[in-house]
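Fold and contact review
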Amino acid sequence: MTDVPATMFAWRKHRGNPEPVWEEIPVPEPGPTDVLVKMLASGVCRSDHSLLTLEKQAGWFTDKWTLGHEGCGKIIKFGSAINDTKFKIGDVVALHAVPGCNGADCPECTRDLSQICERGHHSGIGQDGFYAPYAATDIRSLALVPEGVTPAEAAVATDAVTTAYHAIHRRGEVKPHETVFLFGLGGLGFNALQILKNIGCRRIFVSDIRQERLDEAAALGIPREDLVPVGVSPTQWIEDNGHAATVDTVCDFVGTHQTFDDAQDIVRRGGKLLCIGSLDTENTIHMKTGTRKRLSYIFSYGGQVPDLEVVLKLVAEGSLRPQVEEKTLKEFPTVLKDLLDGKVKARVALVHE
Ligand SMILES: [Zn+2]
Ligand SMILES: [Zn+2]
């Protein structure tokens, strides 16, 4: 094992303080089922801002903890109880922040809901995560990073891509014969677009309020005539272009009053509304629309390690390229500010020295 220092500097959340604290803390000792990882990259997520600023949080939140819930690193030490042969020292692994506890009596893990398990460790979500040079995490959170995938891509794959994959495949069960309308081409939505393209959906209509994002969609091969022009009402556009009653599924990666209202108007009878974004914390379900069109409202949150494994394969074979810019760990506060100001086009990963 290479020489691991006794302490390190990390970006931490202190209860009551909305600013990230650059703090010296001990390098963690891996617990019996943990691995110690030398971090290579950590993705910055919009939810880092909510985690810093919202004080009303779940019960497992500790008073001081290391931020960062999208990680990729190199295994440098195994916990005492591990005799796993799937991984070895030196392997580059993607780290899922919430692998669940896997307990035989866990109300969530026993129902295949590991991403909302309250008992397991939550890396960078109220408990120590990845904005640090080293991290300890349960071996069940690991997915091997295949050849051809950069640490930055692997880090953002753990959340931004896995969440989109889980929503579309596992929750929405979107199929090739479907016509899909996608709201939002941000950190998650652009990955969603690539996932929908991989499925081979009959047609994909796309709406975003930024022209440069629509241009990116066009560059990916989405026909210009399927992109809703900026400033045009999506409902009106669907109507005017003869697409009324053709949209089987609306994927809402935005979740504002506008997108949620439009989604209910746009979707055909018997269709699905897949809700992932939650920019507005409350939206209105139109009961008459929902019942008379016999709609399915499907919510999705996070993803699971098996989703992450599939996603990494898709990235390795080139069917999916998460857009990611690289910055350094030290730059986290500036990156977060840029993200909130809309200056980040997709995703940023902080690369560790
Ligand atoms: Zn996140
Ligand atoms: Zn659990």
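Being a predicted model, the structure only gives us computed values, none of them experimental.

What counts and how
Residues numbered from 1 in each chain as written. Chains lettered and ligands numbered in written order. Predicted model: local features only at pLDDT ≥ 70, side-chain atom pairs only at ≥ 80, totals over all residues. Heavy atoms only, no water. Helix = DSSP H or I, 4+ residues; strand = E, 2+ residues; numbered from the N terminus. Rg over C-alpha atoms; globule rule 2.2 N^0.38 Å. Buried < 20%, exposed > 50% of the residue type's maximum accessible area, 1.4 Å probe, protein only. Contact = heavy atoms within 4.5 Å. Areas by Shrake-Rupley, 256 points an atom, 1.4 Å probe, with all protein chains shown as cover. Lys, Arg positive; Asp, Glu negative; His and termini not counted. Charge placed at Lys NZ, Arg CZ, Asp CG, Glu CD. Donors = N, O, S within 2.8 Å, 3.2 Å for Na, K, Ca; no water. Tetrahedral: all angles 85-135°; square planar, octahedral: opposite > 155°, others 65-115°. Salt bridge = Lys/Arg side-chain N within 4 Å of Asp/Glu carboxyl O. 1 Å grid on protein atoms, 1.4 Å probe; cavity = no way out; pocket = protein on both sides within 12 Å on 5 of 7 lines; lining within 4 Å. Points joined across faces, edges and corners; volume = space filled by probe spheres on them. Nonpolar A, V, L, I, M, F, W, Y, C, P; charged D, E, K, R; others polar. Arc of directions from axis to C-beta. Axes fitted to C-alpha atoms, helices over the stretch in contact; angles between N-to-C directions. Parallel < 35°, antiparallel > 145°, perpendicular 65-115°, else oblique. Left-handed = near helix turned anticlockwise from the far one by under 90°.

Points about the overall build of the protein chain
Regarding its fold elements, the protein chain presents 9 helices and 15 strands. Since a compact globule built from 353 residues should have a radius of gyration of about 20 Å, the 21 Å found for the protein chain is in line with a globular shape. By principal-axis analysis of the C-alpha atoms, the protein chain measures approximately 65 × 40 × 40 Å. Put simply, the protein chain has 353 residues, and 53% of those count as buried. Once local pairs closer than 6 in sequence are excluded, the contacts in the protein chain between residues at least 24 apart make up 70%. For the protein chain, the exposed area adds up to about 15900 Å²; of that, 52% sits on carbon and sulfur atoms. Put simply, the protein chain has 38 plus and 47 minus side-chain charges, and the middle of one group is 4 Å from the middle of the other.

Examining the coordination of the zinc ion (ligand 2)
Around the zinc ion (ligand 2), the protein supplies C101 (SG), C106 (SG), C109 (SG) and C117 (SG) as donor atoms, at distances of 2.3 to 2.4 Å. In this structure, the zinc ion (ligand 2) is coordinated by 4 donor atoms arranged in tetrahedral fashion, with angles at the metal of 103 to 115°. For the zinc ion (ligand 2), the single-chain donor residues occur in sequence as C-x4-C-x2-C-x7-C. Placement of C106 in the loop between β6 (92–96) and β7 (134–138) and of C117 in the loop between β6 and β7 is noted, with a sequence separation of 11 residues between them. Both residues of the pair, C106 and C117, belong to the buried class.

Quick notes on the pattern of salt bridges
Tallied over the full model, the rule gives 21 salt bridges. Put simply, K88 and D91 hold a salt bridge, and the shortest N to O gap is 3.0 Å. The salt bridge partner of R111 is E108, with a shortest N-O separation of 3.6 Å.

Observations regarding the layout of surface pockets
When its volume is computed, the second largest pocket comes out at roughly 280 Å³. Along the walls of the second largest pocket sit 15 residues, with P99, S114, R140, V305 and P306 positioned nearest its centre. At 3 residues, the largest contribution of residues to the lining of the second largest pocket is made by helix α8 (residues 305–316). When grouped by side-chain class, the residues that make up the lining of the second largest pocket number 7 nonpolar, 3 polar and 5 charged.

Some details on helix α4 (residues 211–219)
Buried within α4 we find R213, L214, A217 and A218. Around the axis of α4, the buried residues are gathered within 150° of arc, so they sit on the same side. Structurally, α4 contributes buried residues whose contacts are with α3 (189–199) and β10 (203–207). Downstream of α4 by one or two residues, G221 has phi in the positive range, about 110°.

Things to note about the packing of helix α2 (residues 151–171) against α3
Viewed as axis vectors pointing N to C, α2 and α3 meet at an angle of 45°, and their least axial separation amounts to 9 Å. Here α3 runs oblique to α2, going by the angle between their axes. Like other packed secondary-structure pairs, α2 and α3 cross with a definite hand, here right-handed. Residues A160, V161, A164, Y165, I168 and H169 of α2 form the contact with α3, whose participating residues are N191, A192, I195, L196 and I199.

Quick look at the coordination of the zinc ion (ligand 1)
On the protein side, the zinc ion (ligand 1) has C45 (SG), H69 (NE2) and D159 (OD) as donor atoms, found 2.0 to 2.2 Å from it. Written as a sequence motif, the donor arrangement for the zinc ion (ligand 1) is C-x23-H-x89-D. Placement of C45 in the loop between β3 (34–44) and α1 (47–53) and of D159 in helix α2 is noted, with a sequence separation of 114 residues between them. Judged on exposure class, the residue C45 and its partner D159 are both buried.

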